[in-house]
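So you can see what is in the structure, the chains are spelled out below.
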Amino acid sequence: LEALELVDVRLTDCDLSGATLAGAVMRRVVFERCRMSGIVANDIVATDVTWRDCRAEEAWLRSARLEHCDLLDCQLTGSDWYGARAERSRILRCSLDGSELSTAVLRDVALHGSSLAGVHGAHLRDVVIGSDQVVEVAVAVFAPRRIVIDDEPDRAGAHAADPP
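Residues numbered from 1 in each chain as written. Predicted model: local features only at pLDDT ≥ 70, side-chain atom pairs only at ≥ 80, totals over all residues. Heavy atoms only, no water.

Asks: Give a description of the pairing of strand β8 (residues 105-110) that names residues and reports values.
Replies: In the sheet, strand β7 (residues 85-92) pairs with β8 via five bridges, with the strands oriented parallel. In the strand pairing of β8, S89 is matched with V109. Bridge count between β8 and strand β9 (residues 127-128): two bridges; the pairing is parallel. Bridge pairing links A110 to V128 in β9. (Pairing = 2+ DSSP bridges. Helix = DSSP H or I, 4+ residues; strand = E, 2+ residues; numbered from the N terminus.)

Rendered as structure tokens:
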């Protein structure tokens, strides 16, 4: 399904696991309760697209372009967003645990209720989070900068000698 173009389409309860949508263009599309595990969707361009209650573990979204999109209650564990760009969008109540976010640009993106445990390359900026996410997001942001949280000041020098 490479270079597929979808406009004004609703896909409900579809199984797209392992499908290749590389280079697809989507406008005003809704994916509802779709199974999309392992989908290859690099270089997609999505505008006004909603993914609701979808399972997209290990999804490959490298260099994807999302604008005015909603990802709601989705399972995105281990997804790859390397080089992706999401603008004026919402990723709400989704699991991004263990996902790759290196060089991803999230601009004016709400992440409320989303889990970010163990994400890689989280250079987050211009995002909005809920107060309940502060610690989890801080850990994701601190890890690549090797910032260690330790309440014992006597151990501070020991961390500097730790290997990268």
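Asks: Give a description of helix α1 (residues 134-142) that names residues and reports values.
Replies: Residue pairs spaced three or four apart in an α-helix point in one direction, given the helix's 3.6 residues per turn. Within α1 the residues assigned to the buried category are V137, A140 and V141. Buried residues in α1, looked at end-on, bunch into an arc of 95 degrees, giving them a common side. (Buried < 20%, exposed > 50% of the residue type's maximum accessible area, 1.4 Å probe, protein only. Arc of directions from axis to C-beta.)

Asks: Explain the state of the cysteines to me, using residue names and the numbers behind them.
Replies: Applying the stated criterion to the full structure yields zero disulfides. No disulfide involves C14; its sulfur sits 4.5 Å from the nearest other cysteine sulfur, which is in C34. (Disulfide = S-S within 2.5 Å.)

Asks: Just give me the short version of the packing of aromatic side chains, but keep the residues and values in it.
Replies: The way to describe two aromatic rings as a pair is by their centre distance and the angle between their planes. Scanning the entire structure with this criterion turns up one aromatic pair. Aromatic side chains F31 and W51 sit 5.7 Å apart centroid to centroid with 5 degrees between the ring planes, which places their arrangement in the stacked category. Of this pair, F31 sits in strand β2 (residues 25-32) while W51 sits in strand β4 (residues 50-52), and the two are 20 residues apart along the sequence. (Phe/Tyr/Trp six-rings, centres within 6.5 Å; stacked < 30°, edge-to-face > 60°.)

Asks: Explain the nonpolar core to me, using residue names and the numbers behind them.
Replies: General note: in soluble globular proteins, nonpolar side chains tend to be found buried as a group. Ranked by internal contacts, the top residues of the largest apolar core, which has 43 residues, are M26, F31, M36, W51, L66 and W81. Looking at this core, the elements with two or more residues in it are β1 (5-12), β2, β7, β8 and α1. Ignoring anything within four residues of it in the chain, the contact list for L66 reads A46, W51, L71, W81, R85, A86, E87 and S89. (Core = buried A, V, L, I, M, F, W, Y, C linked by side-chain atoms within 4.5 Å. Contact = heavy atoms within 4.5 Å.)

Asks: Break down the side chain of D70 for me, citing the residues and quoting the values.
Replies: Structurally, D70 is set in strand β6 (residues 70-72). Residue classification places D70 among the buried residues on the basis of a relative accessible area of 18%. Non-local contacts of D70, meaning those with residues more than four positions away in its chain, are made with V49, T50, W51 and R90.

Asks: Pulling in residues and values, what's your account of the environment of L72?
Replies: Considering the arrangement of structural elements, one finds L72 in strand β6. With 22 residues separating them along the chain, L72 and C94 place their C-alpha atoms 6.3 Å apart. Apart from the residues within four sequence positions on either side, L72 is in contact with T50, W51, R52, D53, R90, L92, R93 and C94.

Asks: Lay out the environment of E67 in plain terms, naming residues and giving numbers.
Replies: Along the polypeptide, E67 turns up in strand β5 (residues 65-67). Contacts of E67, omitting those with residues within four sequence positions, involve A46, T47, D48, E87, R88 and S89.

Asks: Can you tell me about unusual backbone geometry, naming the residues and giving the values?
Replies: Unlike most non-glycine residues, R33 shows phi in positive territory, near 50 degrees. Turning to its location among the elements, R33 is positioned in the loop between β2 and β3 (45-47). Accessibility expressed as a relative area gives 41% for R33, which makes it partly exposed. Even without glycine at this site, T103 takes up a positive phi of about 60 degrees. Here T103 is to be found in the loop between β7 and β8.

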